[in-house]
Structure formats: C-alpha cells, structure tokens
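# Tertiary structure, described
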Amino acid sequence: MKALLLIDIQNGFCPGGNLPVADGDRIVPIVNRLIEEGSYDLVAASQDWHPDHHGSFASQHPGAKPFDMGTLSGKPQVLWPDHCVQGTPDAEFHGDLNVDAIDYIQQKGENPAVDSYSAFRDNDHAAITGLAGYLRAQQVSELDICGLATDYCVKFSALDARAMLPDVKVRFISDASRGIDAAGVAAAIAEMRDAGVAIVTSREILAD
Ligand code: VGL
Ligand code: ZN
C-alpha cells in the first residue's frame, strides 16, 4: 500500500495565517495533483490543533515575543505566535486543498504542556498519536510526506516515520513542501536524508 501524508496544510501556515510560511499556499495545487494523479492507495493528513492556552505560544510566557527561545515543561521551546487554535479558521485546512480525498486526519498538539511537531508523537516522545497504528493496520509499505513546515513538522514526521515504521520506504517531496527558515530547510533535508528518507520531487512521482 502506498500512502501520501500531508503535514499541516492549514490556513495558519499559509500567507494571511498566524504563523505563515513563505509561499506555503503554493504547494496546494501540487498536492492536489499528487492526490489526484499520484497512484496513492490512501491519503492521511495531520492538523495542528492547539488549545488557546497552549504552552508553545509566546502569549503564555510573560515578557516573551514570538520566535523567542523559551522553555516548556523544563525543555527548550521556540515560542510561537498563537496559531492553529482548535475550531478557528486558522486551524482549518487550506480552502483549495482536496480534503474530500483525505482518508485519515491526525490532529496533534492538544496537550498544552508539550509541543507536537511530529504527526506521530509528542516532542518528548511520552505520548504517541494514532497515526503509526493506522498506517500499520492499512499495511502501508511506502509513505510519501510533504507539507508545512519542512524544518519543523514535516522533518519530525519523516524522522518518526523512519523510527516507528522501520520497514516502510519513506520519501520527502521537496516541491510540495515549504519551510520557515532557509537554513533550517537545508539542515532538515540533510537530517532526513541521513535517516534514510529519500528526497524526491512531484515531477518524478507524477512521471512514474
Ligand atoms: C509547526 C511550529 C509550530 C509546523 C507547527 O507545522 O511546522 N511549526 N507548530
Ligand atoms: Zn503548532
């Protein structure tokens, strides 16, 4: 079984959102083409889904500004603008994304005491989501990952896919993803490659 995993393709990470990634919305037509023409057996998507008082928000740390380094539950934490608050438009998938094609949605980031960049588990690895179990139950053997943001949620999801589903072939689709920081993206791609994630483009996939 071949699966496509879409990471956090939400208004909050697109221009106009609360934590915008440059050109984040430009991946949407590419992602829709992958969904529609990419010969995937199933499509899964993660959705950053925070309570309004999430501890990763700078607003919860007196004197802190967004993008400051702070701590959360005693661990270093980038402090983000309030984003993807449950039930708000910021948390909705981008309006042009083909959401009807999504077979499984994994919400994450609900525990205010820990951030969850990965769609598979919280940053402290104490709690896992249902995603790995779902993909195992579906007997997924090939997993292509793309979305927002390459240097955070996409990277950690790809690394956890390799760690938690060691028999699955994992690929990162570079042109169907965008990152927050250019240097961070280059480092994330190197880290994914070192962990056994293949780096591909939508062109290669759609040409197959
Ligand atoms: C993300 C920062 C905070 C992401 C989510 O989707 O990459 N980044 N929450
Ligand atoms: Zn978040």
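Just above, that's the structure.
Residues numbered from 1 in each chain as written. Chains lettered and ligands numbered in written order. Predicted model: local features only at pLDDT ≥ 70, side-chain atom pairs only at ≥ 80, totals over all residues. Heavy atoms only, no water.

Okay, the nonpolar core next. A general trend in soluble globular proteins is that nonpolar side chains are found buried together. Among the nonpolar cores identified, the biggest contains 60 residues, and Leu-6, Phe-120 and Leu-135 are the most heavily contacted of them. Counting residues per element, the ones that place at least two in this core are β1 (2–7), α1 (27–37), β2 (42–48), α2 (131–137), β6 (142–148), α3 (150–164), β7 (169–178) and α4 (182–194). Not counting residues within four places of it along the chain, the set of residues in contact with Leu-6 comprises Val-31, Ile-35, Val-43, Ala-44, Ala-45, Ser-46, Leu-97 and Cys-146. (Core = buried A, V, L, I, M, F, W, Y, C linked by side-chain atoms within 4.5 Å. Buried < 20%, exposed > 50% of the residue type's maximum accessible area, 1.4 Å probe, protein only. Helix = DSSP H or I, 4+ residues; strand = E, 2+ residues; numbered from the N terminus. Contact = heavy atoms within 4.5 Å.)

This brings us to the coordination of the zinc ion (ligand 2). Of the protein atoms, only Asp-48 (OD), His-50 (NE2) and His-83 (NE2) coordinate the zinc ion (ligand 2), at distances of 2.0 to 2.2 Å. For the zinc ion (ligand 2), the single-chain donor residues occur in sequence as D-x1-H-x32-H. Of this pair, Asp-48 sits in strand β2 while His-83 sits in the loop between β4 (75–78) and β5 (104–108); the two residues are 35 residues apart in sequence, bridging distant segments of the chain. With a relative accessible area of 3%, Asp-48 lands in the buried category. (Donors = N, O, S within 2.8 Å, 3.2 Å for Na, K, Ca; no water.)

In this section: the site of ligand 1. Around ligand 1 sit Asp-8, Phe-13, Leu-19, Asp-48, Trp-80, His-83, Tyr-117, Leu-148, Ala-149, Tyr-152 and Cys-153, and that is every residue in its neighbourhood. Within the contact set of ligand 1, an oxygen atom lies 3.0 Å away from a backbone nitrogen or oxygen of Ala-149. Between ligand 1 and Cys-153 there is a distance of 3.1 Å, counted from an oxygen atom to a backbone nitrogen or oxygen. Considering ligand 1 on its own, with 250 Å² of exposed area, one finds that the protein chains cover 100% of that surface. When atoms are counted within 2 Å of each cavity's grid points, the one that captures over half of ligand 1 is the largest cavity. Residue composition of the shell around ligand 1, by class: eight nonpolar, one polar and two charged. (Near = heavy atom within 4 Å. Polar contact = N/O pair within 3.5 Å; in protein donor to acceptor, adjacent residues only side chain to side chain. Areas by Shrake-Rupley, 256 points an atom, 1.4 Å probe, with all protein chains shown as cover. 1 Å grid on protein atoms, 1.4 Å probe; cavity = no way out; pocket = protein on both sides within 12 Å on 5 of 7 lines; lining within 4 Å. Sits in = over half its atoms within 2 Å of the grid points. Nonpolar A, V, L, I, M, F, W, Y, C, P; charged D, E, K, R; others polar.)

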